[in-house]
Amino acid sequence: MSRAFAFCLLLSSLGFAQDARQIVAESENRSRSKSQQYEGTLEVVGASNKVSIKRWEYRRIGSYGASKSILRFTAPAEVKGVALLIVNHTDRASDQWMWTPAIERDRRIAAQDRSTRFFGTDFSFEDLEERDVDQFDYKLMGDDTIDGVACWKIESKPRQSKSSQYTSSVVWVRKDNYTVAQIESYSQSKLIRRIHYSDIQNVSGIWTPRTVEVYDANRKSRTVLKLEKLEYNAPMKDEDFTLEALRRG
Amino acid sequence: MGKLARALLPVLFSLPLAAQTFSQRGYLESDLTLYPETAPNDSGQAVDDSLFRYEASYQALPWLRLAGSFDARFDTHEQAERTARLDWQDRSLQRPALSLREFNATITKGKLTAEFGKQFIRWGKADILNPTDRFAPKDFLTVTDPDFLAVLAARVTYDTGTDSFDFVWQPRFTPSRTPLINERWTVLPQTVAGISLVDLGAEYPGRSAFGARWNHIGSGYEFSASFYDGFNSLPVFQGALDGFFRTYPELRLYGADAAVPLRWFTVKAEAAYYTSPDRQQDEYVIYVLQFERQIKELSIVAGYAGDAITARTPTLQFSPELGFARAILAHAQYTIDSNRSVAVDAAVRQNGRGSWIRAEYSQSFGQHWRATAGYSWIRGDDGDFLGQFHRNSFGLLALRYSF
């Protein structure tokens, strides 16, 4: 009896695991595009409610795992031109380089440095990577609602090959359009960061959140990113996503 | 206006407007430097230096970008010239009052990038001292706080993503700017005390310089190998009856650098072997080994710079590179929040005869303003490169408006 119960439990948990992975894979598939670009406005709200505004331009070629992206600050004036190149990999953490025009140098961001906040925002360098479905193990935790919309609540844990500051994350995926509504990331059981996605619109057939709010639980600060001039599948070239391209701006 | 410029202007103005992307930025900064002590050749204790810098770039065509940068400066200590001429050569003893800091054209075709004109070229991976960085002369008017100078060069880069090949040809020599003879960053030996020394000018190299560098990005590591054949941007001083003049030794350099991110820290190493075909300077190896770690908002870089002299030449040379070698070097920066940060830099010679420590606090106000306050302590004795500046500890107050 107890063996049969254990077998049923195992089957059901395998079933849940497969479902959770399929949900995340479907979410990724639906947002797949050849390229993406947008202009982002970031409102960084510190713990003392002091607000600072930053702007960046973002361009990505490829999707999930095999993508490369460049993010370049356009404001405020003193960080204008500072840029980040992210080369994502399917089998390991991304490679990242930051370009600082004032010293005309690029600097590789080491894996252990990815928990650092990215240029005074509440994003860490790791949060700017793309999450490839195969780099995590998943478990369906049940149903929930975010902003009044029904979601699947899924726990994801990074596989050994994926070095991460987070030991686990809880991902809410909307049932109506498979977009990610929220991610809470933990170190052991401590909440580190919450990323909330809203203002979801259909752009070129892809449901896309136009507002991303990141909450840093340690600092009690938050950053609101608004995506403007969003465009998918614009023609881009692979050679515009190299260290040389990062340097030339 | 030269013939070339006259020929190019109509072409530039006829470029399609649809492809235009113009971007600009710049700042106005005023630095107040306060020296608690006077120096034997410099009684000035307060120096104000104001700089206006404007940078613009114009994407004329998808494959062509034009960029330029202009500096206007004024100071109270005559470190900057007082003549209103537009300088583009960076060969003057003083900083030019008006200067075309950078102007170049970048042509991109697939994996190939060619850049022509006055430009900044930075090689190497270390953060504190870069022995392989040969196309990067500096302004050493304040020895502990140098600023890079651009060089007139043609640079061609082929970048595959994992490998890049960089070829540089520099037809016209740009020297590093050495400390002014009548100011505190030139420390004269006791033997010439009371003698009026005059800079009789420089003999600049007549031929061009060439360099090549290969950089490879692997899975979890990066390395480069480089070669340079040209001239040292730092002068050798040749004595004459009524003063001295500057010559620039031939230099051939073989270099390598690497960065390996490990689990707990990133290791960066950079080394170069300097040879002197005309035997006008020492031959030596300079190397840097540094460890770098980011812990939350604290960034730490610490390392050692060493040298090994393989052949000595009895010449008098200004050499901050060797002066900062045989030393422990460190940099730490803590970001308090998105507007405030503190930083500490240090160089301590292993023989204990010279040390330099700088602490700086910086805060931005709104979207445009930044204020910085700092202090640099220099300790040591006259026989050491760093120690000889022991009278030059200084406080700095800087205010910058960026646009």
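Residues numbered from 1 in each chain as written. Chains lettered and ligands numbered in written order. Predicted model: local features only at pLDDT ≥ 70, side-chain atom pairs only at ≥ 80, totals over all residues.

Undergrad: How should I be thinking about the overall build of chain B in this particular structure?
TA: Tallying secondary structure elements over chain B gives 2 helices and 25 strands in all. A compact globule built from 403 residues would reach a C-alpha radius of gyration of about 22 Å, and chain B, at 22 Å, matches this within 12%. Taken along its principal axes, the extent of the C-alpha atoms in chain B is 65 × 55 × 50 Å. Considering chain B as a whole, with its 403 residues, one finds that 33% of them fall into the buried category. In chain B, the proportion of contacts linking residues at least 24 apart, taken out of those at least 6 apart, comes to 56%. (Helix = DSSP H or I, 4+ residues; strand = E, 2+ residues; numbered from the N terminus. Rg over C-alpha atoms; globule rule 2.2 N^0.38 Å. Buried ≥ 20, exposed ≤ 12 C-beta atoms within 10 Å, placed from the backbone. Contact = placed C-beta atoms within 7 Å.)

Undergrad: So what exactly am I meant to see when it comes to the overall build of chain A here?
TA: When helices and strands are tallied, chain A shows 2 helices and 13 strands. Against the globule reference of 18 Å for 249 residues, chain A gives a C-alpha radius of gyration of 19 Å, in line with a compact fold. Each principal axis of the C-alpha distribution contributes one length, and for chain A these read about 70 × 40 × 35 Å. Within chain A, the fraction of its 249 residues that count as buried is 40%. Summarising the internal contacts of chain A: among those between residues at least 6 apart in sequence, 44% fall at separations of at least 24.

Undergrad: Explain the confidence of the model for chain A to me, please; I cannot follow it from the model alone.
TA: Detailed reading of the predicted coordinates is not advisable wherever pLDDT falls low. On average, residues of chain A score 88 in pLDDT, and 92% of them are at 70 or above. Within the model, the stretch residues 1-17 of chain A combines pLDDT values under 50 with 4 contacts to residues more than four positions away or in other chains. (pLDDT = per-residue confidence, 0-100.)

Undergrad: Sorry if this is basic, but what is going on with the interface of chain B and chain A here?
TA: Interfaces are often sized by the accessible area lost when the parts come together. If you look at the interface, chain B gives 30 residues, while chain A gives 25 residues. At the level of elements, β9 (151-159) and β16 (250-261) of chain B are the ones that each hand at least two residues to the side of chain B that touches chain A. Here the residues of the side of chain B that touches chain A sort into 5 nonpolar, 15 polar and 10 charged. (Nonpolar A, V, L, I, M, F, W, Y, C, P; charged D, E, K, R; others polar.)

Undergrad: What's the story with the nonpolar core in this structure? I'm lost.
TA: Here is a general trend for soluble globular proteins: nonpolar side chains tend to be buried in one another's company. Among the nonpolar cores identified, the biggest contains 40 residues, and Val24, Leu85, Ile154, Val171, Val173 and Val180 of chain A are the most heavily contacted of them. Top element by residues in this core is strand β4 (residues 83-87) of chain A. It accounts for 5 residues. Apart from the residues within four sequence positions on either side, Ile154 of chain A is in contact with Ala20, Ile23, Val24, Tyr138, Lys139, Leu140, Met141, Val171 and Val173 of chain A. Residues Ala126, Ala209, Tyr287 and Phe389 of chain B belong to the second largest nonpolar core, which totals 30 residues. (Core = buried A, V, L, I, M, F, W, Y, C linked by C-beta atoms within 7 Å.)

Undergrad: I would appreciate a short explanation of the sheet that holds strand β11 (residues 199-203) of chain B in the present structure.
TA: The strands making up a sheet associate through hydrogen bonds between their backbones, and the pairing can be parallel or antiparallel. Residue and element names in this part refer to chain B. Taken in spatial order, the 4 strands line up as β11-β15-β14-β20 in an open sheet, and their pairing is mixed. Of all the strands in the sheet, the pair left with one neighbour each is β11 and β20 (316-317). As defined by bridge partners, β11 adjoins strand β15 (residues 243-247) across 3 bridges and the pair is classed as parallel. Bridge pairing in β15 links Ala202 to Arg246. (Pairing = 2+ DSSP bridges.)

Undergrad: Quick question: what am I supposed to make of the confidence of the model for chain B here?
TA: Residues and elements named next belong to chain B. The predicted model of chain B has a mean per-residue pLDDT of 91, with 95% of residues at 70 or higher. Low confidence marks residues 7-19, where pLDDT is under 50. Its contacts with residues over four positions away, or in another chain, come to 7 contacts. We note a pTM of 0.87 for the whole complex and an ipTM of 0.81 for its interfaces.

Undergrad: Hey, could you run me through the pairing of strand β2 (residues 46-61) of chain B in this one?
TA: As a general feature of sheets, a regular strand has side chains that alternate between the two faces. Residue and element names in this part refer to chain B. Here strand β1 (residues 22-34) pairs with β2 via 13 bridges, running antiparallel. Each bridged residue has a counterpart across the sheet, and for Leu28 the counterpart in β2 is Phe52. Here β2 runs beside strand β3 (residues 64-75); their pairing, made up of 12 bridges, is antiparallel. Looking at the pairing, Tyr54 lines up with Phe70 of β3. The loop that links β2 with its antiparallel partner β3 comprises 2 residues.

Undergrad: When you look at the environment of Ser364 of chain B in this model, what are you seeing that I'm missing?
TA: In this fold, Ser364 of chain B is placed in strand β23 (residues 354-365). In this structure the C-alpha to C-alpha distance between Ser364 of chain B and Ser164 of chain B, which are 200 residues apart in sequence, comes to 37 Å. What Ser364 of chain B contacts, discounting residues up to four positions off in sequence, is Glu78 of chain A together with Asn339, Trp369 and Arg370 of chain B.

Undergrad: Could you clarify how one ought to interpret unusual backbone geometry in this entry?
TA: Comment: phi is negative for the bulk of residues other than glycine, and the bulk of peptide bonds are trans. Residue and element names in this part refer to chain A. Here the bond from Ala75 into Pro76 is cis, since omega is 0 degrees, no more than 30 degrees from zero. Of note, Pro76 is situated in the loop between β3 (68-75) and β4. Positive phi, close to 55 degrees, is recorded for Glu104, a residue that is not glycine. With respect to the helices, strands and loops of the structure, Glu104 is situated in the loop between β5 (95-100) and β6 (105-109). Exposure remark for Glu104: the 15 C-beta atoms within 10 Å place this residue in the partly exposed category. Of note, Ser204 is a non-glycine position whose phi angle comes to about 50 degrees, a positive value. Residue position: Ser204 is located in the loop between β11 (190-203) and β12 (206-216).

Undergrad: Help me understand the environment of Val44 of chain A, please; the structure alone is not making it clear to me.
TA: Residues and elements named next belong to chain A. Tracing the sequence through the fold places Val44 in strand β1 (residues 35-45). By the C-beta count within 10 Å, which is 24 here, Val44 ends up buried. When the C-alpha positions of Val44 and Ala150 are compared, they lie 29 Å apart, and in sequence the two are 106 residues distant.

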